[in-house]
Amino acid sequence: MEIFGIPLQAFMGQLMLGLVNGAFYAMLSLGLAVIFGLLGIVNFAHGALYMLGAFAAWIMLDQFGLNYWFALVLAPLTVGILGVIIERLFLKHLYKLDPLYGLLLTFGLALVLEGVFREIYGVSGQNYNVPDLLAGSMDLGFMRLPIYRAWVVVVSLVVCLGTWFLIERTRLGAYLRAGTENAPLVQAFGVNVPMMVMLTYGAGAALAALAGVLAAPIIQVNPLMGSNLIIVVFAVVVIGGMGSILGSVITGLGLGIVEGLTRVFYPEASNIVVFVIMVIVLMFRPAGLFGKEV
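Residues numbered from 1 in each chain as written. Predicted model: local features only at pLDDT ≥ 70, side-chain atom pairs only at ≥ 80, totals over all residues. Heavy atoms only, no water.

*Asks:* Got a minute to help me understand the confidence of the model for the chain in this structure?
*Replies:* When pLDDT drops low, the exact placement of atoms in the prediction is not to be read closely. On average, the chain scores 89 in pLDDT, and the residues at 70 or more come to 97%. Put simply, strand β1 (residues 2–3) is where the chain has its lowest mean pLDDT, 66, and helix α3 (residues 68–89) is where it has its highest, 96. (pLDDT = per-residue confidence, 0-100. Helix = DSSP H or I, 4+ residues; strand = E, 2+ residues; numbered from the N terminus.)

*Asks:* I would appreciate a short explanation of the packing of aromatic side chains in the present structure.
*Replies:* Within a pair of aromatic rings, the relevant descriptors are the distance that separates the centres and the angle that separates the planes. Evaluation of the coordinates by the stated rule reveals 11 aromatic pairs. Measuring from ring centre to ring centre gives 5.0 Å for phenylalanine 44 and phenylalanine 234, while their planes differ by 25°; the resulting arrangement is stacked. Pair noted here: phenylalanine 44 is in the loop between α1 (8–39) and α2 (46–64) and phenylalanine 234 is in helix α9 (residues 227–240), with a separation of 190 residues, a long-range link. Residues tryptophan 58 and tyrosine 121 carry aromatic rings whose centres are separated by 5.6 Å and whose planes lie at 90° to one another, so their mutual orientation is edge-to-face. Highlighted residues: tryptophan 58 in helix α2 and tyrosine 121 in helix α4 (residues 99–121), separated in sequence by 63 residues. (Phe/Tyr/Trp six-rings, centres within 6.5 Å; stacked < 30°, edge-to-face > 60°.)

*Asks:* Which parts of the structure should I look at to understand the side chain of threonine 200?
*Replies:* Here threonine 200 is to be found in helix α8 (residues 193–215). For threonine 200, a relative accessible area of 6% puts it in the buried group. Not counting residues within four places of it along the chain, the set of residues in contact with threonine 200 comprises Val34, Leu38, Leu39 and Leu176. (Buried < 20%, exposed > 50% of the residue type's maximum accessible area, 1.4 Å probe, protein only. Contact = heavy atoms within 4.5 Å.)

*Asks:* Sorry if this is basic, but what is going on with a nonpolar patch on the surface here?
*Replies:* Residues Phe70, Val73, Leu74, Leu77, Ile81, Ile85, Leu89 and Phe90 make up a contiguous nonpolar surface patch of roughly 740 Å² in combined accessible area. Overall, the relative accessible area of 31% leaves leucine 74 in the partly exposed class. (Patch = residues over 30% accessible without salt bridge, like charges linked within 9 Å, V, L, I, M, F, W, Y side chains within 5 Å. Areas by Shrake-Rupley, 256 points an atom, 1.4 Å probe, with all protein chains shown as cover. Salt bridge = Lys/Arg side-chain N within 4 Å of Asp/Glu carboxyl O.)

*Asks:* Could you clarify how one ought to interpret α3 in this entry?
*Replies:* Counting along an α-helix, one turn takes 3.6 residues, and residues three or four places apart therefore face a common direction. Counted at 1.5 Å a residue, the expected span for α3 with its 22 residues is 32 Å, and the 31 Å between its end C-alpha atoms agrees. Taking the largest bend as the criterion, α3 deviates by roughly 25°, centred on leucine 74, and proline proline 76 comes between one and four positions later. All of the buried residues along α3 are Tyr68, Ala71, Leu72, Ala75, Pro76, Val79, Gly80, Gly83, Val84, Ile86 and Glu87. (Expected span 1.5 Å × (residues − 1). Bend = angle between axes of the 7 residues up to and from the residue.)

*Asks:* In this structure, what is going on with α2? I would like to understand it.
*Replies:* Here α2 spans 26 Å end to end across 19 residues, near enough to the 27 Å set by a 1.5 Å rise per residue. Where burial is concerned, most of α2 is hidden: 14 out of the 19 residues are buried. The first or second residue beyond α2 is glycine 65, which carries a positive phi of 70°.

*Asks:* Sorry if this is basic, but what is going on with the packing of α1 against α9 here?
*Replies:* Packed helices, taken two at a time, are described by their axes: the angle between them and the distance between them. At a minimum axis separation of 9 Å, α1 and α9 run at an interaxial angle of 70°. Classified by the angle their axes make, α1 and α9 are roughly perpendicular. Viewed along their axes, α1 and α9 form a crossing whose handedness is right-handed. Touching Tyr25, Leu28, Ser29 and Leu32 of α1 are Leu229, Ile230, Val232, Val233, Phe234, Val236 and Val237, all from α9. Across the contact of α1 with α9, the residue classes tally to 10 nonpolar, 1 polar and no charged. (Axes fitted to C-alpha atoms, helices over the stretch in contact; angles between N-to-C directions. Parallel < 35°, antiparallel > 145°, perpendicular 65-115°, else oblique. Left-handed = near helix turned anticlockwise from the far one by under 90°. Nonpolar A, V, L, I, M, F, W, Y, C, P; charged D, E, K, R; others polar.)

*Asks:* What am I meant to see in the side chain of serine 29 here?
*Replies:* Of note, serine 29 is situated in helix α1. Engagement of the side chain of serine 29 in a polar contact is seen with the backbone oxygen of serine 248, the distance being 3.3 Å. In contact with serine 29, not counting residues within four places along its chain, are Val233, Val236, Val237 and Ser248. (Polar contact = N/O pair within 3.5 Å; in protein donor to acceptor, adjacent residues only side chain to side chain.)

*Asks:* Which parts of the structure should I look at to understand the environment of glycine 136?
*Replies:* Tracing the sequence through the fold places glycine 136 in the loop between α4 and β3 (137–139). According to the relative accessible area criterion, glycine 136 is exposed, its value standing at 53%. Spatially, the C-alpha atoms of glycine 136 and isoleucine 147 are 6.1 Å apart, while their sequence positions differ by 11 residues. In contact with glycine 136, not counting residues within four places along its chain, are Pro146 and Ile147.

*Asks:* Help me understand the nonpolar core in this model?
*Replies:* The nonpolar side chains of soluble globular proteins are, as a tendency, buried together. Ranked by size, the top nonpolar core spans 94 residues in total, and within it Tyr50, Tyr68, Tyr128 and Leu214 carry the most contacts. If near-sequence neighbours (up to four positions away) are discounted, tyrosine 50 is found in contact with Leu28, Ala208, Ala209, Ala211, Gly212, Ala215, Ile219, Met225, Gly226 and Leu229. (Core = buried A, V, L, I, M, F, W, Y, C linked by side-chain atoms within 4.5 Å.)

*Asks:* What is the right way to look at the pattern of salt bridges in this model?
*Replies:* Between side chains of opposite charge, a pair can form when the charged atoms approach closely. On inspection of all chains with the given rule, the structure shows 4 salt bridges. Among the salt bridges present, the one from glutamate 114 reaches arginine 118, with a minimum N-O distance of 3.9 Å. Taken together, the residues span about one helical turn, with glutamate 114 and arginine 118 both in helix α4 at a distance of 4 residues. Accessibility expressed as a relative area gives 15% for glutamate 114, which makes it buried. Judged by its relative accessible area of 40%, arginine 118 falls in the partly exposed class. Notably, a salt bridge pairs arginine 263 with glutamate 259, separated by 3.9 Å at the nearest N-O pair. With arginine 263 and glutamate 259 both in helix α10 (residues 245–265) and 4 residues apart, this pair spans about one turn of that helix. The class of glutamate 259 is buried, set by a relative accessible area of 5%.

See below:
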C-alpha cells in the first residue's frame, strides 16, 4: 500500500519520527512559554538546561550506576535546583528591565555551560542505552513502532497537559498569573511572590532537563545538542504565541509532524519548513497563532 507514491511503512515511520520530534519541541517550548509568560524572561539558556538534563542522566549512570528511572526524577530535580540558583543570583535583578537584558544574560549562561562541557567531554557524543523495560518494538501491522518512542510521546503529552492545567485551571496557577501582573497587590494578601517566581524558573528548567533525559536514549548526549535545537524551539514559541502555554504545546506537536512529513515529500526543505511557517504566520498574525494581540 502506498500514500502519494510513498510506501505506507516509510510514510508512517517518518510520521512517528515527526511526532517524537514534536514531543520534544512541545516540552521545550512549554518551558520557554512558562518562563516568558510568567516572568517576562526570554530564556536563551533553555537549550543548555536541556543538555544538562541529558548529561545528568548519563553521568548518573556512568559514575553512580543510577539507571534511567532514577535519572527521570533526579536529573530534572538537580537542574531545577540549578535554575533556582540562576534566578536568585542573576535574573531577579532584571525583571524591571527590558527583556533584551534577560536574553543577553541567558545567552551568555548558555555559552558558558556549553563551553564547560565541551572542554570536559569534547564534542563527540556519549551513548545512553534505552532501558530494558522500554526496549524493542510493537508490530502494528502497517509499521513497527519502537516502544521507547511511543513512551516519549505519551510522557510529553501528560507533562504538557498537566502543566497547562496547573497554570490555567488551579488556584496556584491563578496566584502565579496574578503575581506577575500585580505583585504588590498579591503580596498584600500574604502570597510570597518572589518565592513563586523563583520556583517558576526552577520548574521551567526542570521541564527542559526532563526533555533532555527523554532524549538521551534517542540521540547521542553531547554539549551541542541544546544549541542545535533551541533555535527551532524559539521558532515554535513565536508561531504559537510568546507566553501561550497551550499554543506552544499544540504548535510544537503540529510542527514536528509537518517537519516529519516534509522529509517524506521534499527532504531538502525539512530543515527550513518551520522557519518558512514562522515567516508566513508573522506576516498575517504577528502575535502568533494563539498569542494575544496587544
